[in-house]
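Read off the chains here:
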Amino acid sequence: MSDVPRYPVPEDFKKKTLIDNERYKSMYDASINNPDEFWSEQARQFLTWQKPWTQVTRSDLRKGKVEWFIDGKLNVSVNCIDRHLPARANQVAIIWEGDNPAEDKHITYAELHREVNKLANALRARGVKKGDRVCIYMPMIPEATYAMLACTRIGAVHSIVFGGFSPDALKDRIQNAGCEVLITADEGLRGGKRVPLKKNADAALAHCPEVHTNIVVRRTGGDVVWNDAKDVWYHELVAQQAEFCEPEIVDAEDPLFILYTSGSTGKPKGVLHTTGGYLLQAAMTHKYVFDYQEGDVYWCTADVGWVTGHSYIVYGPLANGATTLMFEGVPTWPDASRCWQVVDKHKVNIFYTAPTAIRALMGAGDDWVTKTSRASLRVLGTVGEPINPEAWQWFYRVVGDNRCPIVDTWWQTETGAHMLAPLPGAIDLKPGSATVPFFGVEPVLVDAEGNEVQGAGEGNLCIKRAWPSQIRSVYGDHQRCIDTYYSTYPGYYFTGDGARRDEDGYYWITGRVDDVLNVSGHRMGTAEVESALVLHESVAEAAVVGYPHDIKGQGIYAYVTLMDGTEPDDNLKKELVALCVREIGAIAKPDVIQWAPGLPKTRSGKIMRRILRKIAANELDSLGDTTTLADPAVVDDLIANRHGR
Ligand code: WTA
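Just so it is clear, the structure is predicted and the values come from calculations on it, not from any experiment.

S.K.: Whenever I open this one, the overall build of the protein chain confuses me. Can you help?
M.R.: When helices and strands are counted, the protein chain shows 21 helices and 30 strands. If one aligns the C-alpha atoms of the protein chain with their principal axes, the spans along those axes are about 75 × 65 × 55 Å. Counting only residues that meet the buried cut, the protein chain has 60% of its 645 residues in that class. A separation threshold of at least 6 residues defines the contact pool for the protein chain, and within that pool the share at least 24 residues apart is 72%. A total of about 24,000 Å² of accessible surface is found on the protein chain, and carbon and sulfur atoms cover 49% of it. Both charge centroids of the protein chain, one from 69 positive and one from 84 negative side chains, sit 2 Å from each other.

So, in structure tokens, the structure goes:
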């Protein structure tokens, strides 16, 4: 890979960085060779504990059993707010930038404390106690952060459902987690359009009798249907509450949140994270990977409905006493200059976004960027999917003016925090590589037989030892956790990603090796989309695969076999797209629907997705052996009608 360009740490950056290359190496060595000592020191430095732990960690990856900071006690809201008050009461904790460029708000740590405590009292008054699950279905407004932290104040477990999900998806998640309280808003606002959150919530709650309280934030003032039995306005509820709420001190291993994510089979899984280890790694990575320094303004463009929003809008930055920017809108509205206008308006120093957004903005042309200053920027970051070198270089050259390191961070909902990423003052960059492991992370590449690949090579990416922010379970189904992550290669955590390691030990993620799609950085199981499609009475069978898409990274390609006697037409295609939106949400819209009179199957009836992927990607000369198919002729038909019919 000697032809890959290398971007050394800029000399100016080196002078002021928290961690240079030497320090990275010594800390990484310590984290691997003296882990107990290393993690104890970090846990003491980054968090405030009510009671220290008696043992640093205990794990058995074969059983998917992971524990950190055993017997340690703490409270997350105290760590994210109270302990900062002596020094930072008047420092801005959250800069909120509205969808409408004329709207913004600055929330200090003192205000954050007040809002969170009042809401926590309100939840307690409604009977919510430690361990109870609270569902949050919100737009990107400060109340979403208050809701998360209010749950942590009283030891309740939040389960955030992305505001773009459908009523059905919301219902499934509320039921699976056994939530009894929902927090939502009348409507969301994105790109000038209203999102009917309360209406969606009403449709979901019709099937969730156990939800006794629905707390509604008035965001737009739009019309809503009111149900006196359970609906209550947020502003009315908190108005009556005291401004201090005694924090519930919880165990390091008590659950902090559940977050649903897609896998290759069945319904989405509720990934369970616990308190101490998660908060520590979120805080450490936020500081070290972004080189966050006192006074920096930091902006992560994710939504709190995804893990990136959990760890890098809320928990990591607030645990570090940082100023975090929360953006309600979308990067391309009112125009493609929005992000850079916001950077200049709030003097953003660190900007973290997804490759799909970078590609979309790159497509809009350089002028939208170059007409802004961006002089405040110091570090750029990406997350969610592999970034193609062209987009990386554009981000570096045009957005960062060749001056700001880009941290390409590889991690997952299940890992809770960054796992592979260049510390910007320590590691030379290579466009498209998430580079090297974070402290304490021991990645390995495993071949099909389960043997570790040594040196440069390619394989399935696994993690060899437990890390603090690791998934603890799949909510309500620990066996599924074991089956999904720990049984493919016993003794390892299996990520579901393939990767290559080069001669310098840098990792290059090649994408999922399972049936999980990554569409605009959003994870989706092919099985979920297929289940939605086959609900239609005219559909006999459906097979969904991903294919390369210029902006989204991957697009959704659906092969659909209709019932005998059904005539395919464009109207039916529209109905199928609408069905996916209804069942899952707009992010699950198929980009291509191809009518498939037959699907390629083995003689035992298993669909050969490899072939479908190749056809969708137009890689027709590498279809492989099709002679073992039950009916090889179906392949010719599928090729002849690619992207068509
Ligand atoms: C992919 C998002 C390449 C990967 C934090 C992973 C990436 C999945 C990167 C997790 C990256 C995430 N480079 N691929 N920097 N970051 N991925 O759970 O396939 O929504 O397994 O977590 O996204 O997606 P999730």
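S.K.: Sorry, what's going on with the site of the ligand here?
M.R.: Near the ligand lie 17 residues; those nearest to it are D408, T409, T413, D497 and R523. In the model, a nitrogen atom of the ligand is placed 3.4 Å from a nitrogen or oxygen of the P386 main chain. A distance of 2.9 Å is found between an oxygen atom of the ligand and a side-chain nitrogen or oxygen belonging to Q412. Computed on the free molecule, the ligand has an accessible area of 530 Å², of which 96% lies beneath the protein chains in the complex. For the shell around the ligand, the elements supplying multiple residues, two or more each, are α12 (307–319), β20 (406–409) and β25 (507–512). Of the residues that constitute the shell around the ligand, the class distribution is six nonpolar, six polar and five charged.

S.K.: Looking at this model, I keep getting lost on the packing of helix α18 (residues 526–533) against helix α19 (residues 570–583). Mind explaining?
M.R.: Axis angle and axis distance: for two packed helices, these are the angle between their axes and the distance between the axes, and together they describe the pair. Between α18 and α19, the least distance of the axes is 8 Å, while the angle of their chain directions is 120°. The pairing of α18 with α19 is recorded here as oblique in orientation. Viewed along their axes, α18 and α19 form a crossing whose handedness is right-handed. Of the residues in α19, those touching α18 at V529, A532 and L533 are L576, L579, C580 and E583. When grouped by side-chain class, the residues that make up the contact of α18 with α19 number six nonpolar, no polar and one charged.

S.K.: Hey, could you run me through the sheet that holds strand β16 (residues 297–300) in this one?
M.R.: The pairing of strands in a sheet happens through backbone hydrogen bonds and is either parallel or antiparallel. The sheet built from seven strands is open, its strands ordered β5-β4-β17-β16-β18-β19-β20 with mixed pairing. Either end of the sheet is taken by a strand with one partner, and the two such strands are β5 (104–108) and β20. Strand-to-strand twist in this sheet, taken as the mean axis angle between neighbours without regard to direction, amounts to 20°. Bridge count between strand β4 (residues 92–97) and strand β17 (residues 323–327): four bridges; the pairing is parallel. Bridge assignment links W96 to a residue of β17, and that residue is M326. Where helix α7 (residues 142–153) meets the sheet, its contacts fall on β4, β5 and β17, and the angle it forms with β17 comes to roughly 120°.

S.K.: Where do I start with the pairing of strand β28 (residues 539–549) in this structure?
M.R.: Side chains on a regular strand alternate between the two faces of the sheet. Relative to strand β29 (residues 553–562), β28 runs antiparallel, the two sharing ten bridges. Paired with A543 across the strands is Y559, a residue of β29.

S.K.: I would appreciate a short explanation of the pairing of strand β8 (residues 181–185) in the present structure.
M.R.: The element β8 is largely enclosed, with a buried count of five among its five residues. Along β8, one buried face is formed by V181, I183 and A185 and the opposite face, lined by L182 and T184, is buried too. Where strand β6 (residues 133–136) meets β8, three bridges bridge the pair, whose relative direction is parallel. If you follow V134 over to β8, its bridge partner there is V181.

Conventions used here
- Residues numbered from 1 in each chain as written.
- Predicted model: local features only at pLDDT ≥ 70, side-chain atom pairs only at ≥ 80, totals over all residues.
- Heavy atoms only, no water.
- Helix = DSSP H or I, 4+ residues; strand = E, 2+ residues; numbered from the N terminus.
- Buried < 20%, exposed > 50% of the residue type's maximum accessible area, 1.4 Å probe, protein only.
- Contact = heavy atoms within 4.5 Å.
- Areas by Shrake-Rupley, 256 points an atom, 1.4 Å probe, with all protein chains shown as cover.
- Lys, Arg positive; Asp, Glu negative; His and termini not counted.
- Charge placed at Lys NZ, Arg CZ, Asp CG, Glu CD.
- Near = heavy atom within 4 Å.
- Polar contact = N/O pair within 3.5 Å; in protein donor to acceptor, adjacent residues only side chain to side chain.
- Nonpolar A, V, L, I, M, F, W, Y, C, P; charged D, E, K, R; others polar.
- Axes fitted to C-alpha atoms, helices over the stretch in contact; angles between N-to-C directions.
- Parallel < 35°, antiparallel > 145°, perpendicular 65-115°, else oblique.
- Left-handed = near helix turned anticlockwise from the far one by under 90°.
- Pairing = 2+ DSSP bridges.

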